[in-house]
Every structure is written in C-alpha cells, then in structure tokens.
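The residues making up each chain are set out below.
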Amino acid sequence: MIVTVASFKGGQAKTTTAVHLTALLNQHSPALLVDGDPNRSATSWNRRRGFPFKVVDEKQAVRFAKDFEHVVIDTQARPTEEDLKALAEGCDLLIVPLTPDALSLDTLFLFTDALTKLGADRFKILLTIVPPKPSRDGDEVLNTLREAGLPFFQTVIRRYKVFQKAALDGVLVKDVADLHAADAWADYKAIAGEVLR
Ligand SMILES: Nc1ncnc2c1ncn2[C@@H]1O[C@H](COP(=O)(O)OP(=O)(O)OP(=O)(O)O)[C@@H](O)[C@H]1O
Ligand SMILES: [Mg+2]
C-alpha cells in the first residue's frame, strides 16, 4: 500500500503522522518512509537516533520501494496543483492532516476542492493536535467535515507535548519517558488500524 501525507498548509502534523504511521505499519509488514519534503524534516528526525525502519528521499524511493509492502510518503506543504495531481495519482490513500482551527479549515477546503477537481477521491482527513476538553474545537471541526460530506478518520490525534519531545530526541513517541507517551502512540495505532482495514 502506498500512503501519501499532504496538505496545503504547513504545520498540520504531516511529518509526525508519516513517521508514526510508518512505524506502526512496519510492525505488520516491512514499511518504508519516503521523505519527499526538501526540508528533510523526517530525515533529520531519523538522523538524531535512528528509527526502526528505513527512511529514504524521493530519488532513492524508486530503487527501494519494491522491497517493501508499505510505502509512506511525507511531502512538503503548499504543493502546486501539478504536484498534487502526481501525488494523488501515485498513491492508494492520501491522508490530509488538519489541525482544528478556522484558518486550517479554510485551507483544507481549498485542498479538497483541488482534489475533487482532479477527480481524486481516495483521500481521508485526519484531525491532529486536538486540544483536550473542555475545548470543543475538535468536535466542531468534525461536525463541519461531516456536514460537508468529507471523509475523515474516526480517531483523532490528541495534542500532547510528547510529540514535540519525540521529534527533538529523534525517537518515536512511544520511546519518550512521558506520562502521555502511551496515549499518544495509541492514537496513531488506531489510525494504522483504520488504514489497514
Ligand atoms: N498531536 C500533537 N500534539 C502536539 N504537538 C504536535 C502533535 N503533532 C505534531 N505536533 C507538533 O507540531 C509541529 C508541526 O508538526 P509537523 O512537523 O509534523 O507538521 P508538518 O505538517 O510536517 O509541518 P511542515 O508543513 O512544516 O512540514 C511540530 O512541532 C510537532 O512536534
Ligand atoms: Mg513536515
């Protein structure tokens, strides 16, 4: 399965999602992470300590992909329409991370409109960095997505500081000594379950 993670807006947790999804898919069958962002965020994250899976850039991807059951591709924010066409056509599932705020939601609609125009229908929105109760931001955005008839993951990724620590330490969230490490990992585990279903 080829899964691409993309969004128009930056900072939606694309890299965090690509890294953790690869780690979880890799527990089932060999998974490869392709760092398609020229900023090389996933590559630097991996370089700090080393993930238990392989990370390559998009130029190496062609050579390595055939040895893996799953390929996850992290991409840069603001793809051009042309990039987007290639991205959407080149994968089985396009994951579109979205943080629950008004500006991100506006940008998401531009993105889904562009996808619809391209006839790309294999995408699913993933709500990320969702603040805890009493905030209703997550629920409100999910209602908006539901009303708009857009496809989204049933699980949302909650906001935990441990995600930032993991990136800083160069490890996966489950390997950080933090009260919320297991909860944070469990959120992405549920997403991997939905992807494989
Ligand atoms: N669930 C979460 N809770 C708290 N912080 C998070 C969560 N997910 C990601 N972050 C943090 O939010 C920031 C943006 O995440 P990330 O780098 O994954 O986004 P991105 O979409 O790849 O950004 P860019 O567009 O710059 O590539 C990072 O500091 C990351 O550690
Ligand atoms: Mg990124």
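These numbers come from a predicted model, not from an experiment.

A. Main features of the overall build of the chain. Of the regular secondary structure elements, the chain holds eight helices and six strands. In the chain, the order of α-helices and β-strands from amino to carboxyl end is β-α-β-α-β-α-β-α-β-α-β-α-α-α. Its C-alpha atoms give the chain a radius of gyration of 16 Å, near enough to 16 Å, the size a compact globule of 197 residues would have. On the principal axes, the C-alpha backbone points of the chain span a range of 40 × 40 × 30 Å. Taking all 197 residues of the chain together, 43% fall into the buried category. Of all intrachain contacts in the chain linking residues separated by at least 6 positions in sequence, the fraction that spans at least 24 positions is 74%.

B. Up close: the sheet that holds strand β4 (residues 70-75). Spatial ordering of the open sheet is given by β3-β2-β4-β1-β5-β6, a layout of six strands whose pairing is parallel. Two strands lie at the open edges of the sheet, namely β3 (54-57) and β6 (123-127), each paired on one side alone. The mean inter-strand angle of the sheet, taken between neighbouring strand axes irrespective of direction, is 25°. In terms of strand pairing, strand β1 (residues 2-5) meets β4 through four bridges, oriented parallel. Counterpart to valine 3 in the pairing with β4 is valine 72. Each of β1, β2 (31-36), β4, β5 (93-98) and β6 touches helix α1 (residues 14-26); the most contacted strand, β4, lies at about 170° to it.

C. Summary view of the packing of α1 against helix α8 (residues 181-196). Between α1 and α8, the least distance of the axes is 9 Å, while the angle of their chain directions is 65°. Relative to α8, the element α1 lies roughly perpendicular. Both α1 and α8 take part in a crossing whose hand is right-handed. When α1 is examined against α8, the residues His20, Leu21, Leu24 and Leu25 are found in contact with a partner set consisting of Tyr188, Lys189, Ile191, Ala192 and Val195. When grouped by side-chain class, the residues that make up the contact of α1 with α8 number seven nonpolar, one polar and one charged.

D. Representation of helix α4 (residues 81-89) in the model. When α4 is considered as a whole, its buried residues turn out to be Leu84, Leu87 and Ala88. Down the axis, α4 shows its buried residues gathered within 90° of arc, on one side only. Across from the buried face of α4, at angles greater than 90 degrees, the exposed residues are Glu82, Ala86 and Glu89. As for α4, its buried residues are in contact with β1, β4, β5 and α5 (102-118).

E. The arrangement of the site of ligand 1 in detail. As a matter of local geometry, ligand 1 sits amid 18 residues, with Gly10, Lys14, Thr15, Thr16 and Ala77 nearest to it. When contributions to the shell around ligand 1 are tallied by element, the ones reaching two or more residues are α1 and α7 (162-169).

F. Main features of the nonpolar core. Ranked by internal contacts, the top residues of the largest apolar core, which has 59 residues, are Leu21, Leu33, Val72, Val96 and Leu126. With seven residues, the single largest contributor to this core is α8. If we ignore the near neighbours within four places in the chain, the residues touching valine 96 are Ala6, Ser7, Leu108, Phe111, Phe123, Ile125 and Leu126.

G. Molecular detail of the environment of proline 79. By the secondary structure assignment, proline 79 is in the loop between β4 and α4. Here the alpha-carbon distance between proline 79 and leucine 172, two residues 93 residues apart in the chain, equals 27 Å. Residues within four places of proline 79 in sequence aside, it is in contact with Ala6, Leu84 and Leu87.

What counts and what doesn't
- Residues numbered from 1 in each chain as written.
- Chains lettered and ligands numbered in written order.
- Predicted model: local features only at pLDDT ≥ 70, side-chain atom pairs only at ≥ 80, totals over all residues.
- Helix = DSSP H or I, 4+ residues; strand = E, 2+ residues; numbered from the N terminus.
- Rg over C-alpha atoms; globule rule 2.2 N^0.38 Å.
- Buried ≥ 20, exposed ≤ 12 C-beta atoms within 10 Å, placed from the backbone.
- Contact = placed C-beta atoms within 7 Å.
- Pairing = 2+ DSSP bridges.
- Axes fitted to C-alpha atoms, helices over the stretch in contact; angles between N-to-C directions.
- Parallel < 35°, antiparallel > 145°, perpendicular 65-115°, else oblique.
- Left-handed = near helix turned anticlockwise from the far one by under 90°.
- Nonpolar A, V, L, I, M, F, W, Y, C, P; charged D, E, K, R; others polar.
- Arc of directions from axis to C-beta.
- Near = placed C-beta within 6 Å.
- Core = buried A, V, L, I, M, F, W, Y, C linked by C-beta atoms within 7 Å.

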